[in-house]
Amino acid sequence: MDEIDNLLEQFKQKAENTIKKTVEDYPDFKQMELEYCALINEGNSIRGMILKHPENCDKSTYMVLTKQVAYNYVDKIRGRYSALQLVPLLITKLFDEYKKRLEMFKKEENYPELINLNEQMYVFSKRYIYRKNIADILYQKYKNFKQAREIYQEIEKENPKDAEYWNNYAEICAEYEDKEKQKYCLKQKEIYELKSKVQKLIDDKKYDEAIKIDEKLFKLTDNYQYKLDIANIFAICKENHSKAIKIYKECESKMKENKDYWYQFSDIYRHKKNYYKQVLCLQKAIDIELSEPEEETPEAGV
């Protein structure tokens, strides 16, 4: 492990020096990007070497390094491997510069650079919003509906909860006269617009209006979670626990195999201070959870 310790020390020195620099310290942004990417790859390479000997990691460090815990928890990388805390810091600083350049290219209407930059930001973050940005440029500015549609179809696999995405996808489907898909997209758009309104109404303490929208969402989707959302408003916001319990019982035949239903139901009884019923609900939730197959441990990725 002496080799890894030496590599970590060298990486730490280079990364700390790099983080101190500003964009102005480089001949151009490309040079800064290359230096950051090289260091990020170097850190990830060392991480891969460490994971070949997991017995040398404490549990919290191992979970971060195998990405079972998000890099937000870098403080959990302890001891000899703490230098790897610098990897997410490098990513964050580079990403902040990407965001500044994104705004600059938008003002300049430099669409080729916007496409390249969004692609790079997607590589780092894996957030579909950057692929969506590319698709929007392709169909809005270049009228390249074919490629935009392909990207939107790929994004759909991630089940985006984004009203704008579904609106734009509906527009692309209209270009292909795909009426069934367009109708589906517009329905999804309406659902996510309504969901956004519900949260705002709750924040504004307009609970009765929020309940009406949740009722509309249930009619649109036949998803009983919206019924439970109504019950939760009654319980938590209006402190009407009896009404909440009544709704939960109405949903039981549809939700009884869902562990989250029982966990949420237990919370209602806890608010009502009916601890006997709370424990019964918790037991049902635990029984369902124990009967589910265990998830496989995620593989380490560089």
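Bear in mind the structure is a predicted one, so any value in this text is a computation, not a measurement.

Reading guide: rules and limits
Residues numbered from 1 in each chain as written. Predicted model: local features only at pLDDT ≥ 70, side-chain atom pairs only at ≥ 80, totals over all residues. Heavy atoms only, no water. Helix = DSSP H or I, 4+ residues; strand = E, 2+ residues; numbered from the N terminus. Rg over C-alpha atoms; globule rule 2.2 N^0.38 Å. Buried < 20%, exposed > 50% of the residue type's maximum accessible area, 1.4 Å probe, protein only. Contact = heavy atoms within 4.5 Å. Areas by Shrake-Rupley, 256 points an atom, 1.4 Å probe, with all protein chains shown as cover. Lys, Arg positive; Asp, Glu negative; His and termini not counted. Charge placed at Lys NZ, Arg CZ, Asp CG, Glu CD. Salt bridge = Lys/Arg side-chain N within 4 Å of Asp/Glu carboxyl O. Expected span 1.5 Å × (residues − 1). Arc of directions from axis to C-beta. Axes fitted to C-alpha atoms, helices over the stretch in contact; angles between N-to-C directions. Parallel < 35°, antiparallel > 145°, perpendicular 65-115°, else oblique. Left-handed = near helix turned anticlockwise from the far one by under 90°. Nonpolar A, V, L, I, M, F, W, Y, C, P; charged D, E, K, R; others polar. pLDDT = per-residue confidence, 0-100.

A.B. asks: Sorry if this is basic, but what is going on with the overall build of the chain here?
C.D. replies: Per the secondary structure count, the chain includes 14 helices and 0 strands. If you list the helices and strands of the chain from N to C, you get α-α-α-α-α-α-α-α-α-α-α-α-α-α. Over its C-alpha atoms the chain spans a radius of gyration of 25 Å, topping by over 25% the 19 Å that the globule rule assigns to 302 residues. Within the span of the chain, comprising 302 residues, buried residues form 36% of the whole. Across the chain, every contact between residues at least 6 apart in sequence was considered, and the portion connecting residues at least 24 apart equals 50%. Surface summary for the chain: the accessible area is close to 18400 Å², and the carbon and sulfur share equals 48%. Between the averaged position of the 54 positive side-chain charges in the chain and that of its 56 negative side-chain charges there is a distance of 5 Å.

A.B. asks: What should I look at first to understand the environment of Ser291 in this one?
C.D. replies: Tracing the chain through its elements places Ser291 in helix H14 (residues 275-291). The exposure class assigned to Ser291 is exposed, which follows from its relative accessible area of 59%. Distance from Ser291 to Thr221, taken between C-alpha atoms, is 28 Å for residues 70 residues apart in sequence.

A.B. asks: Any chance you could explain the pattern of salt bridges here in plain terms?
C.D. replies: Pairing between side chains of opposite charge can happen when the charged atoms of each approach one another. Enumeration over the complete set of coordinates arrives at 18 salt bridges. Among the ionic pairs, Lys132 bridges to Glu164, the shortest N-O distance being 2.8 Å. Placement of Lys132 in helix H6 (residues 128-140) and of Glu164 in helix H8 (residues 163-175) is noted, with a sequence separation of 32 residues between them. By relative accessible area, Glu164 is classed as partly exposed at 47%.

A.B. asks: Would you take a moment to explain unusual backbone geometry for this structure?
C.D. replies: Among all residues except glycine, the phi angle is most often negative; among peptide bonds, the trans geometry is most common. A positive phi angle, near 55 degrees, is found at Lys143, a position not held by glycine. By secondary structure assignment, the location of Lys143 is in the loop between H6 and helix H7 (145-156). Take Lys143: its relative accessible area is 54%, and that puts it in the exposed class. For Lys205, which is not a glycine, the phi torsion comes out positive at approximately 65 degrees. Within the element layout of this structure, Lys205 appears in the loop between helix H9 (179-203) and helix H10 (207-221). With relative accessibility at 61%, the residue Lys205 sits in the exposed group.

A.B. asks: Please clarify how H9 should be interpreted in this entry.
C.D. replies: Three- or four-residue spacings in an α-helix give side chains the same orientation, since the helix completes a turn every 3.6 residues. Between its first and last C-alpha, H9 extends 36 Å over 25 residues, near the 36 Å set by a 1.5 Å rise per residue. What H9 keeps buried is the set Cys185, Gln188, Ile191, Tyr192, Leu194, Val198 and Leu201. Structurally, H9 contributes buried residues whose contacts are with H8, H10 and helix H11 (225-237).

A.B. asks: How do you make sense of H7 when you look at a structure like this?
C.D. replies: Over its 12 residues, H7 extends 16 Å from the first C-alpha to the last, a length consistent with the 16 Å expected when each residue adds 1.5 Å. By the burial criterion, the buried members of H7 are Phe145, Ala148, Ile151, Tyr152 and Ile155. What you see down the axis of H7 is that its buried residues fit within an arc of 130 degrees, all on one side. Along its buried surface, H7 packs onto H6 and H8.

A.B. asks: Where do I start with the packing of helix H1 (residues 2-20) against helix H4 (residues 86-108) in this structure?
C.D. replies: The relative placement of two packed helices is expressed as an angle between their axes plus a distance between the axes. Viewed as axis vectors pointing N to C, H1 and H4 meet at an angle of 25 degrees, and their least axial separation amounts to 10 Å. The angle between H1 and H4 falls in the class roughly parallel. In this structure, H1 meets H4 at a crossing whose hand is left-handed. On the side of H1, the interface is formed by Phe11, Lys12, Ala15, Glu16, Thr18, Ile19 and Lys20, while H4 contributes Leu86, Val87, Leu89, Leu90 and Lys93. Counted by class, the contact of H1 with H4 contains 7 nonpolar, 1 polar and 4 charged residues.

A.B. asks: Hey, could you run me through the confidence of the model for the chain in this one?
C.D. replies: Close inspection of predicted coordinates is inappropriate for parts of the model with low pLDDT. Per-residue confidence for the chain gives a mean pLDDT of 90, with 93% of residues at or over 70. Mean pLDDT per element in the chain: helix H3 (residues 59-65) is the minimum at 76, and H10 is the maximum at 97. Across residues 296-302, where pLDDT falls below 50, the model places 10 contacts with residues more than four positions away in sequence or in other chains.

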